[in-house]
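A look at the structure
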Amino acid sequence: MADDVNNVSGKKTTGLWIFFGVAMLVAILLAVFISPWASSSPDGLEKVAEDKGFMEAAEDTEPTWTHSPIPDYGDAVGTKAAVGLSGFIGVLVTAAVAMGVALLALGIGYMSKRRATEPDSS
Amino acid sequence: MHIPDGFLDPKTWGTLTGVSAGFTGYALYAAKSKLNEKVIPLLGITAAFIFAAQMLNFPVAGGTSGHFLGAILAMALLGAWPGFLVMVVVLLVQCLFFADGGLTALGANVFNMAVIGGLMSYYLLVLSKGALGRGLSERTSLLTCTAVFSWISVVLASIACSFELSISGTVPLGTVLPAMVGVHAIIGVGEAIITTVVIAVVLQSRPDLVDAYSRSPEPGKRLAREVA
């Protein structure tokens, strides 16, 4: 990795894969070791729904999607380890799905580029 | 601010599902100008970081908690459309894997947090940064606009959410709007602090990975040169 090649300001920059590794590590540490201690108070919308009396609208409704493998981030299990583990799984799944979607967008980009440059191929 | 099933009526969630699907389809097409093989890990890491940060509910006044949203962070780092896709992925995983936000409300949640609190707020950021940029250094104007518009992004998303709830007949607008804006004006301060600190750290270590930092060429081109 040649950092100096793309160093416009002349400042020393962090290596790309080091940066990626540290960022991913921070995400995992937050999800695994900090999230179990996050506030369990209702969030802004839930609190407003409780105060203004429309929380029942959600409580009386059957969820349309009932196949979530880890509902409420492991809260039902009730242990900090369960929340931490679900955070770890969530971070990995989110990263994998995002990269999959990025690859899909990249593929769509290639296809539309090829169509634009080879108009008579069809 | 993840809306559960039951808060929105079918005409509202149906309309917003269509609108958000349209934005997502366009984003898949429009993201290509910012993407290449080398930016893909950055998308994954940004999505993972936002997912993790969204788990960290912090207490705000009166037995309420708030958490990070991350739309401005994603868009400032990756550009508007790749950042939009990252937000869609985070909301999709939260909905399908963790039952956070209803499936019928997914389109509304994408609309509030990735279109209104995302694209709209980010374009306002870019416009303001251009206007502000003449007097200040690039770094200062970017960080200032990041702080201001990440706060605005959370407040705008809460306003959009309030309108949807009232259009659905769940709660009158006059009741829900002041309450939602009031609490999210506080939560937005947390959003502004987290977004600004993360952008400042990335500017310090890898300014080329901040798409909104206009002195750096597109991250794709820079990364391609580096890894090649």
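1. Focus on the overall build of chain B
Looking only at helices and strands, chain B features 8 helices and 2 strands. In chain B, the succession of helices and strands from N to C terminus is α-α-β-β-α-α-α-α-α-α. Computed over the C-alpha atoms, the radius of gyration of chain B is 17 Å, within 12% of the 17 Å expected from 2.2 N^0.38 for a compact globule of 228 residues. In terms of overall dimensions, chain B has C-alpha extents of about 55 × 35 × 30 Å along its principal axes. Relative to its 228 residues, chain B shows a buried fraction of 63%. Contacts spanning at least 24 positions in sequence make up 72% of the contacts within chain B whose residues lie at least 6 apart. For chain B, the exposed surface amounts to about 7,400 Å²; the carbon and sulfur share of it is 72%. Taken as two groups, the 12 positive and 11 negative side-chain charges of chain B have centres that lie 13 Å from each other.

2. Comments concerning a nonpolar patch on the surface
Residues and elements named next belong to chain B. A grouping of W151, V189, I193, V197 and V201 is seen on the molecular surface, where their side chains present a nonpolar patch of about 440 Å² in accessible area. Element by element, the count of residues in the nonpolar patch is highest for helix α7 (residues 173-205), at 4 residues. Its place among the elements puts V197 in helix α7.

3. Overview of the layout of surface pockets
Regions of empty space are outlined by a rolling probe, equal in size to a water molecule, passed over the atoms. By volume, the largest pocket is sized at about 1,100 Å³. The wall of the largest pocket is formed by 42 residues, among which E46, D72, Y73 and D75 of chain A together with D100 of chain B lie closest to the centre. Among the secondary structure elements, those contributing two or more residues to the lining of the largest pocket are α2 (44-51), α3 (56-59) and α4 (80-117) of chain A together with α4 (80-98) of chain B. Taken as a whole, the second largest pocket spans an internal volume of roughly 340 Å³. Around the second largest pocket, the lining comprises 18 residues; the ones closest to its centre are F19 and A23 of chain A together with V198, V201 and V202 of chain B.

4. Points about the packing of helix α1 (residues 10-30) of chain B against helix α5 (residues 106-132) of chain B
Residue and element names in this part refer to chain B. It is at 8 Å that the axes of α1 and α5 come closest, and there the two elements cross at 50 degrees. Considering their axes alone, α1 and α5 lie oblique with respect to each other. For the pair α1 and α5, the crossing hand works out as left-handed. Of α5, the residues touching α1 (which contributes L16, T17, V19, S20 and F23) are G107, A108, V110, F111, V115 and L119. In terms of residue class, the contact of α1 with α5 is made up of 8 nonpolar, 3 polar and no charged.

5. Some details on the nonpolar core
Formed by 109 residues in total, the largest nonpolar core has its most connected members in V91 of chain A together with F7, F84, L165 and I199 of chain B. Among the elements that line this core, the one with the most residues is α4 of chain B, at 13 residues.

6. Describing empty space enclosed by the protein
Across all of its chains, the model carries 2 cavities of 30 Å³ or more by this definition. If you trace the largest cavity, you find it lined by D43 and G44 of chain A together with M1, G66, H67, F68, L69, M113, V154, H184 and I187 of chain B. Looking at the lining of the largest cavity, its residues break down into 6 nonpolar, 4 polar and 1 charged.

7. Re the interface of chain B and chain A
At the interface, 71 residues of chain B touch 70 residues of chain A. Where chain B abuts chain A, roughly 5,900 Å² becomes buried across the two surfaces, and 75% of that area is made up of carbon and sulfur atoms. Summed over the shared surface of chain B and chain A, the number is 15 residue pairs in polar contact (both at pLDDT 80 or more). Every element with two or more residues in the side of chain B that touches chain A is listed here: α1, α2 (40-54), β1 (58-60), β2 (64-66), α4, α6 (138-167), α7 and α8 (219-227) of chain B. Looking at the side of chain B that touches chain A, the element that brings in the most residues is α2 of chain B, giving 11 residues. Here the side of chain B that touches chain A is composed, by residue class, of 45 nonpolar, 16 polar and 10 charged.

8. Things to note about α2 of chain A
Turning to α2 of chain A, its buried residues number three or more, namely G44, L45, V48 and A49 of chain A. Each buried residue of α2 of chain A sits inside an arc of 130 degrees when the element is viewed along its axis, so together they form one side. Structurally, α2 of chain A contributes buried residues whose contacts are with β2, α6 and α7 of chain B. Capping the start of α2 of chain A is the job of one residue whose side-chain oxygen sits 3.2 Å from the backbone nitrogen of L45 of chain A: D43 of chain A. Just past α2 of chain A, the residue G53 of chain A takes up positive phi, approximately 75 degrees.

9. A look at the side chain of Q94 of chain B
With respect to the helices and strands, the residue Q94 of chain B is situated in helix α4. In this structure the side chain of Q94 of chain B is engaged in a polar contact, spanning 2.7 Å, whose partner is the side chain of Q54 of chain B. Not counting chain neighbours up to four residues away, the residues in contact with Q94 of chain B comprise Y73 of chain A together with H2, F51, Q54, A99 and D100 of chain B.

10. Details of the environment of N57 of chain B
Here N57 of chain B lies in the loop between α2 and β1. Since its relative accessible area comes to 17%, N57 of chain B is described here as buried. Remark: the alpha-carbon pair of N57 of chain B and R139 of chain B, spanning 82 residues in sequence, is separated by 29 Å. If we ignore the near neighbours within four places in the chain, the residues touching N57 of chain B are A38, S39 and D43 of chain A together with S65, G66 and H67 of chain B.

Calculation criteria
- Each chain has its residues counted from 1, following the order in which its sequence is written.
- To read the labels, note that chains go from A and ligands from 1, taken in the order they are written.
- Given that this is a predicted model, residues contribute local features only at a pLDDT of at least 70 and side-chain atom pairs are listed and counted only at 80 or more, while totals for whole chains, interfaces and linings are drawn from all residues.
- Working from all heavy atoms in the structure, the side-chain values ignore hydrogens and water.
- Helix numbers and strand numbers start at the N terminus; a helix is a DSSP run of H or I with at least 4 residues, a strand a run of E with at least 2.
- We compute the radius of gyration over the C-alpha atoms and compare it with the globule rule, which gives 2.2 Å times the number of residues raised to the power 0.38.
- Burial here depends on accessible area, computed with a 1.4 Å probe over protein chains only, as a share of the maximum for the residue type. Under 20% is buried, over 50% is exposed, and the range in between is partly exposed.
- Contacts were defined at the residue level, with two residues in contact if any of their heavy atoms lie within 4.5 Å.
- Surface accessibility follows the Shrake-Rupley procedure with a 1.4 Å probe radius. Residue values consider only the protein chains on display as shielding.
- Two residue types count as positive, namely Lys and Arg, and two as negative, namely Asp and Glu; His and chain ends fall outside the count.
- Every charge is mapped onto a representative atom, which is NZ of Lys, CZ of Arg, CG of Asp or CD of Glu.
- For patch detection, residues must exceed 30% relative accessible area and be free of salt bridges, and they are connected within 9 Å for like charges or within 5 Å for nonpolar side chains (Val, Leu, Ile, Met, Phe, Trp, Tyr).
- Salt bridge, as used here, is a side-chain nitrogen of Lys or Arg placed within 4 Å of a carboxyl oxygen of Asp or Glu.
- With a 1 Å grid laid over protein atoms only, a set of points is called a cavity when a 1.4 Å probe fits there but cannot get out and a pocket when it is open yet has protein on both sides within 12 Å along at least five of seven lines; lining residues have an atom within 4 Å of a point.
- Grid points are joined across faces, edges and corners, and a volume is the space filled by probe spheres set on the points.
- All axes are obtained by fitting lines to C-alpha atoms, using only the stretch in contact for helices, and the reported angles, taken between N-to-C directions, cover 0 to 180 degrees.
- Roughly parallel refers to an angle under 35 degrees, roughly antiparallel to one over 145, roughly perpendicular to one between 65 and 115, and oblique to any angle outside these ranges.
- The sense of a crossing depends on the near helix, which, turned anticlockwise from the far helix by less than a right angle, makes the crossing left-handed and, turned clockwise, makes it right-handed.
- Amino acids are sorted into nonpolar (Ala, Val, Leu, Ile, Met, Phe, Trp, Tyr, Cys and Pro), charged (Asp, Glu, Lys and Arg) and polar (every other residue, Gly among them).
- Residues belong to a common nonpolar core when they are buried Ala, Val, Leu, Ile, Met, Phe, Trp, Tyr or Cys residues joined through side-chain atoms within 4.5 Å.
- Summed over both partners, the accessible area (1.4 Å probe) lost when two parts come together is defined as the buried area.
- Throughout this description, a polar contact denotes any pair of N or O atoms lying within 3.5 Å of each other; where both atoms belong to protein, one of them has to be capable of donating a hydrogen while the other can accept it, and for residues adjacent in sequence the pair is counted only when both atoms sit in side chains.
- In this description, the arc belongs to the directions extending from the helix axis to the C-beta atoms.

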